[in-house]
Amino acid sequence: RQDAARSEGAHVDGSAADGDHERGGYLEITRQSVQFNRVSDYRLDVELFRDLLAEVDRHSHPYVNTCHHCMALLKEAVPLYRGEFLAGFSVPDADEFERWLQAQRDQLAYQAVTALDSLAAFHERRQEWSEAVAYLHRQLEIAPWREEGHRHLMQVLALSGDRTAALQQYEA
């Protein structure tokens, strides 16, 4: 019965899939493919994250970290990045999928780090040290190997008057 439903086309919730992609099921499953149903009633944090960043990119200005509108968009976007895309998920013997997955992971992490760097610079310019430090710490959680992030954090800590923390960061 389950195979028959799949061969005809079904949604993961068991509802029938017709040519109009009826709302409700998140996945459309056939014998040949599994596909996300984009007309279902869904919310994807990755899609919202990318949409917010795209809106920042479309906004015309010389420096993103001086634009209050863009900073508000980035503040909304960065909490949506909660770690590696599809963490712990892999498909054995699917090299093409694994390459695609790694590219998505790398791109999303890069976008998150870039957004966090812009937010930190925005708050640094306003001398809002605790906010800048928080964004830089989050950035280093994502990319601890990123030397620019460590330097920026040490600079903000020193500018804030916390030389001890700046030295501790240097020695870490």
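Rules used in this analysis
- Residues numbered from 1 in each chain as written.
- Predicted model: local features only at pLDDT ≥ 70, side-chain atom pairs only at ≥ 80, totals over all residues.
- Heavy atoms only, no water.
- Helix = DSSP H or I, 4+ residues; strand = E, 2+ residues; numbered from the N terminus.
- Buried < 20%, exposed > 50% of the residue type's maximum accessible area, 1.4 Å probe, protein only.
- Contact = heavy atoms within 4.5 Å.
- Areas by Shrake-Rupley, 256 points an atom, 1.4 Å probe, with all protein chains shown as cover.
- Axes fitted to C-alpha atoms, helices over the stretch in contact; angles between N-to-C directions.
- Parallel < 35°, antiparallel > 145°, perpendicular 65-115°, else oblique.
- Left-handed = near helix turned anticlockwise from the far one by under 90°.
- Nonpolar A, V, L, I, M, F, W, Y, C, P; charged D, E, K, R; others polar.
- Polar contact = N/O pair within 3.5 Å; in protein donor to acceptor, adjacent residues only side chain to side chain.
- 1 Å grid on protein atoms, 1.4 Å probe; cavity = no way out; pocket = protein on both sides within 12 Å on 5 of 7 lines; lining within 4 Å.
- Points joined across faces, edges and corners; volume = space filled by probe spheres on them.

A. Just the overall build of the chain, in detail. Secondary structure summary: the chain contains seven helices and three strands in total. Of the regular secondary structure in the chain, the N- to C-terminal order runs α-β-β-β-α-α-α-α-α-α. For the chain, the residues scored as buried account for 33% of the 172 residues in total. Considering only contacts in the chain between residues 6 or more positions apart, those separated by 24 or more positions represent 39%. For the chain, the accessible area works out to roughly 11200 Å², and carbon and sulfur atoms hold 50% of it.

B. Geometry of the packing of helix α3 (residues 68-77) against helix α4 (residues 95-125). With their axes 10 Å apart at the nearest point, α3 and α4 run at an angle of 130° to one another. Put simply, α3 runs oblique to α4. Like other packed secondary-structure pairs, α3 and α4 cross with a definite hand, here left-handed. Within the contact between the two elements, α3 uses H68, M71, L74 and K75 and α4 uses A115, S118, L119, F122 and H123. Of the residues contributing to the contact of α3 with α4, the split by class is five nonpolar, three polar and one charged.

C. Region of interest: the environment of R138. Considering the arrangement of structural elements, one finds R138 in helix α5 (residues 129-142). Here R138 falls in the partly exposed class, since its relative accessible area comes to 24%. Distance from R138 to L116, taken between C-alpha atoms, is 7.5 Å for residues 22 residues apart in sequence. With residues near it in sequence (within four places) discarded, R138 still touches Y81, R82, G83 and L116. Only 2.9 Å separates the side chain of R138 from the backbone oxygen of Y81, close enough to count as a polar contact.

D. Fine view of unusual backbone geometry. One non-glycine residue with positive phi stands out, namely L86, at about 50°. On the secondary structure map, L86 appears in the loop between α3 and α4. With relative accessibility at 38%, the residue L86 sits in the partly exposed group.

E. Focus on the environment of H68. Tracing the backbone shows H68 in helix α3. Owing to a relative accessible area of 52%, H68 belongs among the exposed residues under this scheme. Between the alpha carbons of H68 and F122 there is a distance of 8.8 Å; along the sequence they are 54 residues apart. When neighbours within four sequence positions are excluded, H68 is seen to be in contact with F122 and R126.

F. Main features of the layout of surface pockets. Taken as a whole, the largest pocket encloses approximately 470 Å³ of empty space. Residue lining of the largest pocket: 20 residues in total, with D45, V46, F85, L86 and L108 positioned closest to the centre. Broken down by secondary-structure element, the contributors of at least two residues to the lining of the largest pocket are α2 (45-58) and α4. Considering every element that reaches the lining of the largest pocket, the biggest residue donor is α2, with five residues. Each residue belonging to the lining of the largest pocket can be placed in one class, and the counts come to 12 nonpolar, two polar and six charged.

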